[in-house]
Amino acid sequence: MSTPAVSLEVQLGRLRLANPIMVASGTFGYAREMAGLVDLARLGGILPKTITQEPRQGNPPPRTVETTAGLLNSIGLDNDGIEAFIERLLPYLAGLGPAIVVSIAGRTADEFTQMAARLDGLPGVAALELNISCPNVSGGVDFGVNPTSCCGVVEGVRRACSLPVLAKLTPNVTDIVSVAKAAADGGADAISLINTCLGMAVDWRHRKPRLGNVLGGLSGPAIKPIALRAVYQVARAVDIPLIGIGGIASIDDTMEFLVAGATAVQIGTASFYRPGVSIEILDALPDALTQLGATRVADVVGTLDVETK
Amino acid sequence: MTDKQSSPTYADQAWQGVTTIVENVQLARDTYRVRLRCPEIAQAVVPGQFVMLRLPGSNDPLLGRPLAVYDVLADKADGAWGIDVVYLVVGQMTGRLAGLAAGSLLEAWGPLGNGFPPLPAEHLILVAGGIGQTPFLMLAEEALGRRRFGNPPRKTPLADRVTFCYGARSKDYLAGVEDFQRAGVDVRLATDDGSAGHHSLVTELIAPAVEQSGPAVRRIVCCGPEAMMEATAAEARRLGVPCQVSLETPMACGIGICFSCVARIRDASGNWDYRRTCVEGPVFDADDVVF
């Protein structure tokens, strides 16, 4: 049931969204795939699959394997490169309505800034998300595990373009708070938490890894507690908005992330097994906010009570 | 071939929702047929397309499973109202599915994938290994002019003859043979242990079937284990008969958004790239597949 008195708009630094329900990069193709299953225009934001400077073939199959309440993947940033994206995919995305947040991954800091400069000012690009956390390619994950390199990449991208910048961080670090602080210091508009958790699956009878690339990133309901923990810890340490990602598959999951400190969320793996889930969550959001006496999303963000028993 | 990032067979006609199991019966060893009430899928599906089925509300197993549509149920009053899916119990999801009684609910989305193209063939030769037979009944019914599928019903050139070369490990794994015979199909069996039909690989049945129809326009379609499809593709090439294969790759979503289900597919220049089986397939020209 819709509650007209509730405003769903959210502000992520310089990026304004009509509502806080986004779909995560790498779990929604390039959106065109979902046109028959999801009312794309209603989403708060769409993150197409990560693009790289050059085309990438991706990793050999099997690229995914299901584990208990989760999905392990080693896709390997299979994509046709930034120029193919701009020429063939962006025009469609630009006409959809929601904020298009383009996820980019560079092998070097320079490549990140070159891609940011190339996308700057193109119609339809609302913001960038820096994928400095993909566990499946060498050269990407390194930026997100070190505060200094993370800060440097974000700074470089900020200088190279006028777009709002989201930094997507990996949970595969000793101290995610220090990396998040570095992203904020570098000028990120918001921080996306979290990318997948590095994991593996083994077929002991054949003494073989189940993934073609041996190691992969775990997503789905299994990692939700890890993502919630990251949002909670980072929310207490930085002043910029956070985007919760990790196992979100229902309105309850969404509200947990908002209360823990996220201003918006991204729906990821759940779209694989419930294609229309993002709109189901959006439909349920006004009522859930009303249950907490909120009239706007910001009223509940980071309101977790850890003091009183 | 389209580029990697677009496909004419996105899930634009797909329906998603909760379906009711009308019937769930064992057909052969480890092999079951589940009948689902889902008019939206039944009216839209064409031969060779698949559906994703998932246990409602379950986080373990978490994902849906891609399964070919075996047949469409229709009656005069309601038109097409349901689908049959024939499945082999291989793991946790299909194991649980086999235990579900009539009246149980399943989540479903589909129809998905390109299906078999309606190409002309006077003699259509279907080659299946094991559970790979499931997409072929509808194709045979359509080619023989007994049924039409899709919304609007698609037009397809008719065949004079349909031969079904069906191989299995042993007699007790053979499922649905009488369905094909009832549809007017010439069924030829092969088993690994000789317990039914020829004591040989199913691929050894292809050449005799092809030779039987003389100078006719022929076409081979194949579905089964990868080694068997590779052997069929080689045999088709040797015999000079066009061949399509329906690939079975592990899928997480079935709708083109995860990039898991890739196969190595050649383009016009002969180079290969990973392509999504769910939205660019599952049916490919055999010569385009790098096995």
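Predicted, not measured: the structure shown is a model, and the values here were computed from it.

## Topic: the overall build of chain A
Here is step 1: The helix and strand tally for chain A stands at 9 helices and 16 strands.
Here is step 2: Relative to the globule expectation of 19 Å for 309 residues, the C-alpha radius of gyration of chain A, 18 Å, shows essentially globular dimensions.
Here is step 3: Along the first, second and third principal axes, the C-alpha atoms of chain A reach 50 × 50 × 40 Å.
Here is step 4: For chain A, the proportion of contacts with a sequence separation of at least 24, taken over those separated by at least 6, is 72%.
Here is step 5: Summed over all atoms, the accessible surface of chain A reaches about 11600 Å², with 51% contributed by carbon and sulfur.
Here is step 6: Seen as two clouds, the 24 positive and the 29 negative side-chain charges of chain A have centres 5 Å apart.

## Points about unusual backbone geometry
Here is step 1: Put simply, Pro61(A) and Pro62(A) share a cis peptide bond, and its omega is -5 degrees.
Here is step 2: With respect to the helices, strands and loops of the structure, Pro62(A) is situated in the loop between strand E4 (45–46) and strand E5 (64–67).
Here is step 3: Even without being glycine, Leu77(A) reaches a positive phi, approximately 55 degrees.
Here is step 4: Within the secondary structure, Leu77(A) sits in the loop between strand E6 (70–73) and helix H1 (82–94).
Here is step 5: On the basis of relative accessibility, which here comes to 9%, the residue Leu77(A) falls in the buried class.
Here is step 6: Unusually for a residue other than glycine, Phe259(B) sits at a positive phi of about 60 degrees.
Here is step 7: Structurally, the position occupied by Phe259(B) is in the loop between strand E13 (243–246) and strand E14 (262–266).

## What to know about the domain arrangement of chain B
Residue and element names in this part refer to chain B.
Here is step 1: When cut into domains, chain B gives domain 1 (11–112) and domain 2 (123–288).
Here is step 2: On the side of domain 2, 28 residues touch domain 1, which itself brings 27 residues to the contact.
Here is step 3: Taking both partners together, domain 1 and domain 2 bury about 2400 Å²; carbon and sulfur atoms supply 62% of that area.
Here is step 4: Contact with domain 2 buries surface across domain 1, with Arg29, Pro47 and Tyr70 losing the most and accounting together for 28% of the total.
Here is step 5: Inspection of the domain 1/domain 2 interface yields 2 salt bridges.

## Concerning helix H9 (residues 277–291) of chain A
Residues and elements named next belong to chain A.
Here is step 1: Its 15 residues place the ends of H9 21 Å apart at the C-alpha level, agreeing with the 21 Å of an ideal helix rising 1.5 Å per residue.
Here is step 2: The largest bend along H9 reaches roughly 40 degrees and is located at leucine 285, with the proline proline 286 sitting one to four residues downstream.
Here is step 3: Within the span of H9, buried status applies to Val277, Ser278, Ile279, Ile281, Leu282, Leu285, Pro286, Ala288 and Leu289.
Here is step 4: Packed against the buried residues of H9 are strand E3 (21–23), helix H7 (251–260), strand E16 (264–267) and helix H8 (270–273).
Here is step 5: Downstream of H9 by one or two residues, glycine 293 has phi in the positive range, about 75 degrees.

## A few points about a nonpolar patch on the surface
All names here are of chain A.
Here is step 1: Nonpolar side chains collect at one region of the surface, where Leu198, Met200, Val202, Trp204, Val214 and Leu215 lie side by side and expose about 590 Å² of accessible area between them.
Here is step 2: Position of tryptophan 204 among the secondary structure elements: in the loop between strand E12 (202–203) and strand E13 (208–209).
Here is step 3: Under the relative-accessibility criterion, tryptophan 204 is labelled exposed at 61%.

## Details of the pattern of salt bridges
Here is step 1: According to the stated counting rule, one finds 28 salt bridges over all chains in the structure shown.
Here is step 2: With a closest N to O distance of 2.8 Å, Arg14(A) and Asp189(A) form a salt bridge. Of this pair, Arg14(A) sits in the loop between strand E1 (10–12) and strand E2 (15–17) while Asp189(A) sits in the loop between helix H5 (176–185) and strand E10 (190–193), and the two are 175 residues apart along the sequence.
Here is step 3: Arg14(A) sits in the partly exposed class, given a relative accessible area of 39%.
Here is step 4: Among the salt bridges present, the one from Arg88(A) reaches Asp80(A), with a minimum N-O distance of 3.4 Å.
Here is step 5: Salt bridges linked by common partners bring Arg274(A), Glu280(A), Arg54(B) and Glu107(B) together as one network.

## Quick word on the interface of chain B and chain A
One frequently used descriptor of interface size is the decrease in accessible area upon assembly of the parts.
Here is step 1: Counting residues at the interface gives 31 residues for chain B, matched by 38 residues for chain A.
Here is step 2: For the pairing of chain B and chain A, the buried interface totals around 3100 Å² over both sides, and the portion due to carbon and sulfur atoms is 56%.
Here is step 3: For the interface between chain B and chain A, the tally reads 4 salt bridges.
Here is step 4: Glu66(A) serves as the salt-bridge partner of Arg65(B), at 3.0 Å between the closest nitrogen and oxygen.
Here is step 5: On the surface where chain B and chain A come into contact, there are 12 residue pairs in polar contact (both at pLDDT 80 or more).
Here is step 6: For the side of chain B that touches chain A, the secondary structure elements donating two or more residues are strand E7 (105–112) and strand E15 (272–276) of chain B.
Here is step 7: For the side of chain B that touches chain A, the element with the most residues is E15(B), which contributes 4 residues.
Here is step 8: Looking at the side of chain B that touches chain A residue by residue, the classes come out as 16 nonpolar, 6 polar and 9 charged.

## A word on the confidence of the model for chain B
Here is step 1: Per-residue pLDDT for chain B averages 95, and the proportion of residues at 70 or more is 98%.
Here is step 2: Scored as a complex, the prediction yields pTM 0.96 and ipTM 0.95.

## Overview of the pairing of strand E12 (residues 218–223) of chain B
All names here are of chain B.
Here is step 1: Counting buried positions along E12 yields 6 of 6 residues, so the element is predominantly enclosed.
Here is step 2: In E12, alternate side chains face the same way, and those of Arg218, Ile220 and Cys222 on one face and Arg219, Val221 and Cys223 on the other are all buried.
Here is step 3: Two elements, strand E8 (residues 123–129) and E12, share 6 bridges in a ladder whose sense is parallel. Within E12, the residue paired with valine 127 across the bridge is cysteine 222.
Here is step 4: Of the pairings in the sheet, the one linking E12 to E13 comprises 3 bridges and is parallel in character. Opposite cysteine 222, over in E13, you have valine 245 as the bridge partner.
Here is step 5: Between E12 and its parallel partner E13, the chain crosses via helix H6 (residues 226–239), and the hand of that crossover is right-handed.

Here is what the cut-offs are and how they apply
Residues numbered from 1 in each chain as written. Chains lettered and ligands numbered in written order. Predicted model: local features only at pLDDT ≥ 70, side-chain atom pairs only at ≥ 80, totals over all residues. Heavy atoms only, no water. Helix = DSSP H or I, 4+ residues; strand = E, 2+ residues; numbered from the N terminus. Rg over C-alpha atoms; globule rule 2.2 N^0.38 Å. Contact = heavy atoms within 4.5 Å. Areas by Shrake-Rupley, 256 points an atom, 1.4 Å probe, with all protein chains shown as cover. Lys, Arg positive; Asp, Glu negative; His and termini not counted. Charge placed at Lys NZ, Arg CZ, Asp CG, Glu CD. Buried < 20%, exposed > 50% of the residue type's maximum accessible area, 1.4 Å probe, protein only. Domains from an automatic or database assignment. Buried area = accessible area lost by both parts, 1.4 Å probe. Salt bridge = Lys/Arg side-chain N within 4 Å of Asp/Glu carboxyl O. Expected span 1.5 Å × (residues − 1). Bend = angle between axes of the 7 residues up to and from the residue. Patch = residues over 30% accessible without salt bridge, like charges linked within 9 Å, V, L, I, M, F, W, Y side chains within 5 Å. Polar contact = N/O pair within 3.5 Å; in protein donor to acceptor, adjacent residues only side chain to side chain. Nonpolar A, V, L, I, M, F, W, Y, C, P; charged D, E, K, R; others polar. pLDDT = per-residue confidence, 0-100. Pairing = 2+ DSSP bridges. Right-handed = clockwise from strand over helix to strand, strands pointing away.

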